[in-house]
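One letter stands for each residue in the lines below.
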Amino acid sequence: MTDATPHNTQSKQSKQSKQPRQSKRPEQLHGWRRTLHRAGIIVSTMWHHGTGRFSMIVLGIWVLVSIVSLFWTPQSLWATDGYNVWAKPSRTHWLGTDGTGADVFSWLMAGSRTNLLIVLLTVIFALAFGLLLVALMVSRNTALAHGSVVAIDALISIPTVLIALMLAVPLGASILGIVIACGFGYGLNLARVARPQALLAARSMYVQSALSNGASATRVFFTHVLTNIRPVVIVQCSLCAGTAVLAEAGLTYLGVGVPSGVPSWGVSLTSSVKFISIYPMTVIWPGLIVTVVVVALNLFGDALHDAADPLSNPRLRKAQ
Amino acid sequence: MSVTLSNVNISIASKPIVHNISMEIRDGQRVGLIGSSGSGKSMIARAIMGLLPQQASLSGTISVNGTQVVGMSDNELANLRGAAMGMVFQNPATSLNPLLRVREQIELPLKLHYDLPSDDRAARVEAMARKVGLPAELLGRFPHQLSGGQQQRVGIATALITSPRLIIADEPTTALDSITQRQIIDLLVSLVDEAHASMLFITHDFSVLAHATQYCYVLGDGEIIERGRTAQLLDAPQHDYTKTLVHAAQTLSLHTDTRSAAHTEGAHNERA
């Protein structure tokens with residue numbers, strides 16, 4: 001009741017006006033502060049959506065476990081117990097042991113960092129390669145633009161597995177082989193999917209306007225074309241990351257992926273898959289992790305796409 | 001800044017667009033280029049800016065302050081554009097990047113041509129926005145959140161922020177209503193005069209040109225068919241094509257005046 005009296009209202013206002021403003025208003029932010037402010041809004045928007053929150057939690061755990069595995073695992077990776085093979089989950093071995101008596105949980109923990117490395121490298125490779133191709137396809141040089149479209153259409157017909165098998169000849173079973181094969185395949189895919197949007201942006205009046213202001217072709221690509229294909233690129237990168245996890249498992253099973261002895265989810269699956277009918281749990285654990293992570297990566301891409309697009313995120317639109 | 005075009009021919013895919021054009025924009029002069037749609041007006045503007053399409057071929061000479069523009073490298077042209085020459089486009093809704101905020105669009109030429117700290121850049125953007133009549137709170141918005149007139153003010157601010165000596169306005173009022181058209185023309189003229197810059201104003205509407213320019217070229221089918229002081233051309237056009245353009249402008253102005261008079265009268269009656 002007393003809150004509504006003019007006196008109290010006035011005193012509240014005067015108190016507020018006396019307090020110095022601690023933080024800058026959003027519209028006064030510049031440079032990295034503004035970028036950080038917008039990144040905060042994107043993360044917060046994702047967190048407020050169920051799928052975004054789920055993906056952030058799963059991916060957060062993945063990154064955390066990868067870092068922890070560098071310093072600590074419940075059991076040593078190389079500690080094998082010949083008298084305790086295919087053991088059920090217990091206090092000593094949280095997810096049981098495999099055919100050599102090694103701790104399944106420790107191998108999955110250590111495998112998470114290998115898979116994280118493969119995913120990061122593959123996405124970086126695919127992104128760099130794909131964007132280079134997009135730049136060629138929207139170039140003002142007609143011969144270069146047409147030539148690159150034909151080349152991409154021809155190269156995209158080569159399956160990723162075949163590329164990995166060919167790379168296995170000089171490289172053997174290696175992480176580099178997976179990264180190059182997947183990055184090459186998804187880079188081509190990214191370029192083909194992003195091309196129509198990129199072409200629309202490159203031929204738009206706002207690009208003409210930017211050129212009339214003295215922008216170079218490189219500046220136009222990074223400031224205008226890339227900004228407008230960002231939603232497509234985000235979704236493609238998340239798909240690429242998810243498929244890289246699956247490809248790691250598949251290629252390792254074929255013997256051209258992660259070499260045996262290096263912990264990875266694919267190696268854990270491959271080493272136990274022959275015994276699935278007898279000891280199913282040792283296959284189910286890595287399989288379950290791969291499935292959950294792939295789903296989380298795809299959902300993360302969708303959530304990021306929605307949150308980072310100012311046209312579909314009103315909070316980002318209001319932020320200065 | 002003075003611009004001279006001598007015997008300029010432009011063709012696209014072997015189809016002639018502009019034939020043997022010669023024209024001059026003197027230092028501090030506001031020159032109009034009028035013609036119907038498809039007569040090649042925009043191609044002349046793009047030729048001056050060095051922004052012709054890849055498949056276009058250009059012959060003749062275009063000199064900007066005595067420097068030959070035809071044959072310049074992309075880097076040399078990029079240094080000239082924005083810093084010495086600015087361009088305002090026809091449709092503000094499409095000439096602004098939909099995913100960049102107003103502030104980012106206006107500061108782009110500054111980023112390209114001057115090495116300024118971000119605070120200085122922001123201050124200049126705010127000063128320019130004030131000059132073109134854009135409230136500061138609009139700087140953080142996206143183009144689709146602005147009206148057509150506000151969008152065109154952003155276009156003008158972007159073109160003028162580096163104080164170029166030549167402004168090319170390619171039908172800057174075509175996509176706007178008549179009241180906003182007048183405001184934008186007045187703004188453009190005052191800013192150009194204040195900066196002692198030259199302006200090439202392209203339009204297909206004589207009524208617009210009368211307010212914006214001192215001298216005028218009439219373009220028909222890719223050729224200059226008449227030239228002279230804008231007031232003289234409006235009073236006594238010689239060529240049939242010019243007469244048609246002037247007549248069309250007068251008829252439209254008459255209709256607009258009659259309609260606005262009727263509107264005012266109606267409003268008076270309602271009040272009574």
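Residues numbered from 1 in each chain as written. Chains lettered and ligands numbered in written order. Predicted model: local features only at pLDDT ≥ 70, side-chain atom pairs only at ≥ 80, totals over all residues.

What to know about the overall build of chain A
Link 1 in the chain: Helix and strand counts for chain A stand at twelve helices and zero strands.
Link 2 in the chain: Here chain A has a C-alpha radius of gyration of 25 Å; the compact-globule value for 320 residues is 20 Å, and the former is much larger.
Link 3 in the chain: Judged by the C-alpha coordinates and their principal axes, chain A covers about 80 × 70 × 30 Å.
Link 4 in the chain: Scored against the burial criterion, the 320 residues of chain A give a buried share of 40%.
Link 5 in the chain: Contacts spanning at least 24 positions in sequence make up 66% of the contacts within chain A whose residues lie at least 6 apart. (Helix = DSSP H or I, 4+ residues; strand = E, 2+ residues; numbered from the N terminus. Rg over C-alpha atoms; globule rule 2.2 N^0.38 Å. Buried ≥ 20, exposed ≤ 12 C-beta atoms within 10 Å, placed from the backbone. Contact = placed C-beta atoms within 7 Å.)

With respect to the UniProt feature "transmembrane region" (unreviewed entry) in chain A
Residue and element names in this part refer to chain A.
Link 1 in the chain: UniProt records the feature "transmembrane region" (unreviewed entry) for residues 54–72, 116–138, 150–169, 175–194, 232–256 and 276–300 in the present numbering.
Link 2 in the chain: Segment residues 232–256 splits into 92% helix and 0% strand. End C-alpha atoms: 31 Å apart.
Link 3 in the chain: Helix makes up 80% of residues 276–300 and strand 0%, with an end-to-end C-alpha separation of 31 Å. (UniProt positions renumbered as here; feature names shortened; annotations may be inferred.)

What to know about the nonpolar core
Side chains that are nonpolar tend, in soluble globular proteins, to be buried together.
Link 1 in the chain: Of all hydrophobic cores here, the largest spans 150 residues; its most connected members are B:Ala157 and B:Ile168.
Link 2 in the chain: The element best represented in this core is helix α4 (residues 104–137) of chain A, accounting for 16 residues.
Link 3 in the chain: Apart from the residues within four sequence positions on either side, B:Ile168 is in contact with B:Ala45, B:Ile48, B:Met49, B:Met85, B:Met87 and B:Leu200. (Core = buried A, V, L, I, M, F, W, Y, C linked by C-beta atoms within 7 Å.)

Some remarks on the interface of chain B and chain A
Link 1 in the chain: With 27 residues of chain B at the contact, the number on the chain A side is 23 residues.
Link 2 in the chain: Contributions of two or more residues to the side of chain B that touches chain A are made by α2 (74–80), α3 (92–95), α4 (102–113) and α5 (118–131) of chain B.
Link 3 in the chain: Considering each element in turn, the side of chain B that touches chain A owes the most residues, four residues, to α4(B).
Link 4 in the chain: In terms of residue class, the side of chain B that touches chain A is built from 14 nonpolar, eleven polar and two charged. (Nonpolar A, V, L, I, M, F, W, Y, C, P; charged D, E, K, R; others polar.)

Observations concerning the packing of helix α10 (residues 265–272) of chain A against helix α11 (residues 281–308) of chain A
Each pair of packed helices can be summarised by the angle the axes make with each other and by the distance between the axes.
Residues and elements named next belong to chain A.
Link 1 in the chain: Orientation of α10 relative to α11, taken along the N-to-C sense of each, is 150°, at an axis distance of 9 Å. The angle between α10 and α11 falls in the class roughly antiparallel. Note on packing geometry: the crossing formed by α10 with α11 is left-handed. When α10 is examined against α11, the residues Trp 265, Ser 268, Leu 269 and Ser 272 are found in contact with a partner set consisting of Thr 282, Val 283, Pro 286, Gly 287, Ile 289 and Val 290. (Axes fitted to C-alpha atoms, helices over the stretch in contact; angles between N-to-C directions. Parallel < 35°, antiparallel > 145°, perpendicular 65-115°, else oblique. Left-handed = near helix turned anticlockwise from the far one by under 90°.)

Topic: α4(B)
Link 1 in the chain: When you tally the buried positions in α4(B), you get nine out of twelve residues, the bulk of the element.
Link 2 in the chain: Within α4(B) the residues assigned to the buried category are B:Val102, B:Arg103, B:Gln105, B:Ile106, B:Glu107, B:Leu108, B:Pro109, B:Leu110 and B:Leu112.
Link 3 in the chain: Looking at the buried positions of α4(B), the neighbouring elements they touch are α8 (205–212) of chain A together with α5 and α6 (148–160) of chain B.

Quick notes on the sheet that holds strand β6 (residues 85–88) of chain B
Backbone hydrogen bonds are what pair the strands of a sheet, in a parallel or an antiparallel way.
Residue and element names in this part refer to chain B.
Link 1 in the chain: Pairing is mixed in the open sheet, where six strands are placed in the order β6-β7-β8-β3-β9-β10. One side of each edge strand has no neighbouring strand; the edge strands of this open sheet are β6 and β10 (223–229). Looking at each pair of strands side by side, their axes are set apart by 15° on average, direction ignored.
Link 2 in the chain: Looking at chain direction, strand β9 (residues 215–220) and β10 are connected through six bridges and run antiparallel. In the sheet register, Gly 220 faces β10, and the bridge partner there is Glu 223.
Link 3 in the chain: The strands touched by α6 are β6 and β7 (166–170); relative to β6, the strand with the most contacts, the crossing angle is about 170°. (Pairing = 2+ DSSP bridges.)

Topic: the UniProt feature "domain: ABC transmembrane type-1" (unreviewed entry) in chain A
Link 1 in the chain: When the UniProt feature table is mapped onto this chain, "domain: ABC transmembrane type-1" (unreviewed entry) is found at residues 112–301 of chain A.
Link 2 in the chain: In residues 112–301 of chain A, helix accounts for 82% and strand for 0%; the two terminal C-alpha atoms are 20 Å from one another.

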